[in-house]
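Observations on the model geometry
Chain residues, written in single-letter form:
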Amino acid sequence: MNMSYPELPDTLIQIEKETLKRWKEEDLFRQSLAANAGGEPFVFYEGPPTANGRPGLHHVIGRTIKDLVCRFHSMEGRTVTRIAGWDTHGLPVEIEAEKKLGISGKPEIEELGIADFNQTCKDSVFTYKEEWEELSERIGYWLEYWRPYVTFHPDYIESVWWIVKEFAEKGLLYRGHKSVPYCPRCGTALSSHEVAQGYKEVEDPSLTFIARVVNDQGDPDPAGRAFLVWTTTPWTVPSNTGLAVHPDLTYVEVLSDNGCYIVAESRVEALFGETATVRTKWKGVELAGLRYERPLNLVPDPVDSGNGWTVVVEDFVSAEEGTGVVHMAPAFGADDYAAGQKHGLPMINPIDDAGCFIDSTALVGGQFVKDADSALVDELRSKEKLFDIGRVTHSYPHCWRCASPLLYVARDSWFAATSRFRETLLANNDQVKWYPAEVGENRFGEWLRGNVDWALSRDRYWGTPLPVWVCDEDRDHLQWIGSFSELSELVGKLPEDFDPHRPFIDDYSWPCAECAGTMRRAPEVIDVWFDSGAMPFAQWHYPFDNSDEFDTHFPADFISEGLDQTRGWFYSL
Ligand SMILES: [Zn+2]
Ligand SMILES: [Zn+2]
């Protein structure tokens, strides 16, 4: 018998291409879905990429793993629904739109008009859709691209509204005035899981300033004592209204050529060397109530200065670095804000939405806070209140999208009370089989153990509008809207092509049911991570449609994404 060897292809790529071609001709993916239609479901969720950015090489490995697992279960005869998803809202899209339009920041967006801006966002969300689809096809990643879920589609938004209203009715949403991480360039607060994605090593000033003790009338202390206070944010010193010491730490007076300084005993050597002359010792609690001179007078004292410029005791104070005496600016830091409320320290906030000192501020009016550091240090020096200035390298949070350093400021935001579910979240996490296991136990587990309430609202434009209307006479009169039909009951028939986005949604208002006021929509949009986290419901337009599909596809058997998603999508899911 005469046998011939098969002709070898020239390259492996040729084999791949021929295989892909055959799959396409046979429409093999759909055939495999149809063949397994009655099989036991294996539930997979596709984490939605943002298609206004190009896919990268790192996406190949993730998609290969996803495909491998789904394909395996499919070959075993199980139904593996693999709906593609697109994340289309939020800062990533807005920042691209700003670049495209050649504008930057909220004032320029509002000058252009929110309608035009959002149209640009909408037009740009699928810029690289074809590249994503091509990449997936080329690497043999099977995904149902013919029926994707898209987070800006009205149906998707309606499902998100439904979830939000469910939360609200369970009393899990609240408006808080809290210190939140804030991006001055984007003009919005960020949530803790976004902050967790943007830590960078940076060099900042390490400032130790002098706070002179005074008596109740404001006269200098006869003993000439002063506190040494450490901070890495000189721009918050004009807003200082308190000093905190630890109640149980030992503090001492140190005599030096220039005065008599109060610091934690354990910090003396680091600050003054081994030969320092130490006298009187106190427990921190004995220093409580001492008054001191305001370090910088660049903005007027508040009308009611309460207990301003007083020493208070707080357990969060540590003497591991600095002086053991903590500078408190309740308008900014989170601990400062809480302590300020407790002790009646006033809030002084001379910073505008763009992170600049307001024009009326002496010396540094109009300057971006981080640019004002050296002028502020010089001012302290000229007032003989500068003890030491150096540099410190530390890990500091930056905006995950635009890389600006974040500022901590007290603002009104809407929160979801996730911390009430900390135990449930942890218990559920224990049920999840993580590969590798330590990612779940350590990285994700630690994240959940430290869970704080989710700052849900964004002061931005292109996103799912927060479905809450607030009375203009009494801000405690609230109405949450959980569906389009609920909205139309209040405002009349909605147009055929109803678009739930800003600015159109902002035009709907109605009389308050509790008083003579008018209900107007709160201007915020929802954190984009809430959108993608809502996909188990919203990909089916649940509960308005497809209840059966939802029931068979919840919860997931398998998800797989990059490590960064442990604090992103895995959390919001
Ligand atoms: Zn930013
Ligand atoms: Zn009202």
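This is a predicted model, so every value here is computed, not measured.

Right, let's talk about the coordination of the zinc ion (ligand 1) for a bit. The coordination sphere of the zinc ion (ligand 1) contains the protein donors Cys183 (SG), Cys186 (SG), Cys399 (SG) and Cys402 (SG), at a distance range of 2.3 to 2.4 Å. Counting gaps between the donor residues of the zinc ion (ligand 1) yields the pattern C-x2-C-x212-C-x2-C. For Cys399, a relative accessible area of 4% corresponds to the buried category.

The zinc ion (ligand 2) binds to the protein through Cys471 (SG), His477 (ND1), Cys512 (SG) and Cys515 (SG), with metal-donor distances spanning 2.1 to 2.3 Å. Considering all four donor atoms around the zinc ion (ligand 2), angles at the metal cover 99 to 121 degrees and the coordination shape is tetrahedral. Taken in chain order, the donor set of the zinc ion (ligand 2) reads C-x5-H-x34-C-x2-C. Note on accessibility: Cys471 and His477 belong to one class, buried.

Here we take up the nonpolar core. Within the largest apolar cluster, 48 residues are counted, with the highest numbers of intra-cluster contacts made by Trp480 and Phe530. Tallying contributions element by element places helix α8 (residues 154–169) first for this core, with five residues. When near neighbours in sequence (up to four residues on either side) are disregarded, Trp480 contacts Val164, Lys165, Ala168, Leu173, Trp414, Leu466, Pro467, Val468 and Glu486. Membership of the second largest hydrophobic core comes to 45 residues, among which are Tyr182, Leu207, Ala329 and Ala339.

Within the secondary structure layout, Thr464 lies in the loop between β17 (457–458) and β18 (468–471). Assessed through its relative accessible area of 0%, Thr464 is described here as buried. Of the polar contacts made by the side chain of Thr464, one reaches the side chain of His89; its length is 3.4 Å. Setting aside residues no more than four positions away along its own chain, Thr464 makes contact with His89, Thr151, Ile157, Val160, Trp161, Val525, Ile526 and Asp531.

Before going further, it helps to spend a moment on the environment of Arg521. Within the secondary structure, Arg521 sits in strand β21 (residues 518–521). Between the alpha carbons of Arg521 and Leu478 there is a distance of 9.5 Å; along the sequence they are 43 residues apart. Here Arg521 is in contact with Pro465, Leu466, Val468, Trp469, Arg502, Ile505 and Asp506, once residues within four sequence places are set aside. There is a polar contact of 2.8 Å between the side chain of Arg521 and the backbone oxygen of Leu466. In this structure the side chain of Arg521 is engaged in a polar contact, spanning 3.2 Å, whose partner is the backbone oxygen of Pro523.

Domain boundaries assigned for the chain yield domain 1 (31–155 + 529–572), domain 2 (163–198 + 405–417 + 448–526), domain 3 (200–397) and domain 4 (418–447). Measuring from the centre of the C-alpha atoms in domain 1 to the corresponding centre in domain 2 gives 23 Å. Between domain 1 and domain 2, the contact holds 34 residues from the first and 34 residues from the second. One can count three salt bridges joining domain 1 with domain 2. Applying the counting rule to domain 1 against domain 2 returns 18 residue pairs in polar contact (both at pLDDT 80 or more). Secondary structure elements with two or more residues in the side of domain 1 that touches domain 2: α4 (91–101), α5 (106–112), α6 (114–124), α17 (528–533) and α20 (569–572). Take the side of domain 1 that touches domain 2: its biggest share by element is six residues, from α6.

Below, the discussion takes up the packing of aromatic side chains. Counted according to the given criterion, the structure contains 37 aromatic pairs. A centroid spacing of 5.1 Å and a plane angle of 70 degrees characterise the contact between Trp23 and Trp142, whose relative ring orientation is edge-to-face. Of the two residues, Trp23 sits in helix α1 (residues 12–26) while Trp142 sits in the loop between α7 (129–138) and β2 (144–150), which places them 119 residues apart along the sequence. On the basis of relative accessibility, which here comes to 23%, the residue Trp23 falls in the partly exposed class. By relative accessible area, Trp142 is classed as buried at 13%. A network of ring pairs unites the aromatic residues Trp161, Trp469, Phe484, Phe498, Tyr508 and Trp510 as a single cluster.

Calculation criteria
- Residues numbered from 1 in each chain as written.
- Chains lettered and ligands numbered in written order.
- Predicted model: local features only at pLDDT ≥ 70, side-chain atom pairs only at ≥ 80, totals over all residues.
- Heavy atoms only, no water.
- Donors = N, O, S within 2.8 Å, 3.2 Å for Na, K, Ca; no water.
- Buried < 20%, exposed > 50% of the residue type's maximum accessible area, 1.4 Å probe, protein only.
- Tetrahedral: all angles 85-135°; square planar, octahedral: opposite > 155°, others 65-115°.
- Core = buried A, V, L, I, M, F, W, Y, C linked by side-chain atoms within 4.5 Å.
- Helix = DSSP H or I, 4+ residues; strand = E, 2+ residues; numbered from the N terminus.
- Contact = heavy atoms within 4.5 Å.
- Polar contact = N/O pair within 3.5 Å; in protein donor to acceptor, adjacent residues only side chain to side chain.
- Domains from an automatic or database assignment.
- Salt bridge = Lys/Arg side-chain N within 4 Å of Asp/Glu carboxyl O.
- Phe/Tyr/Trp six-rings, centres within 6.5 Å; stacked < 30°, edge-to-face > 60°.

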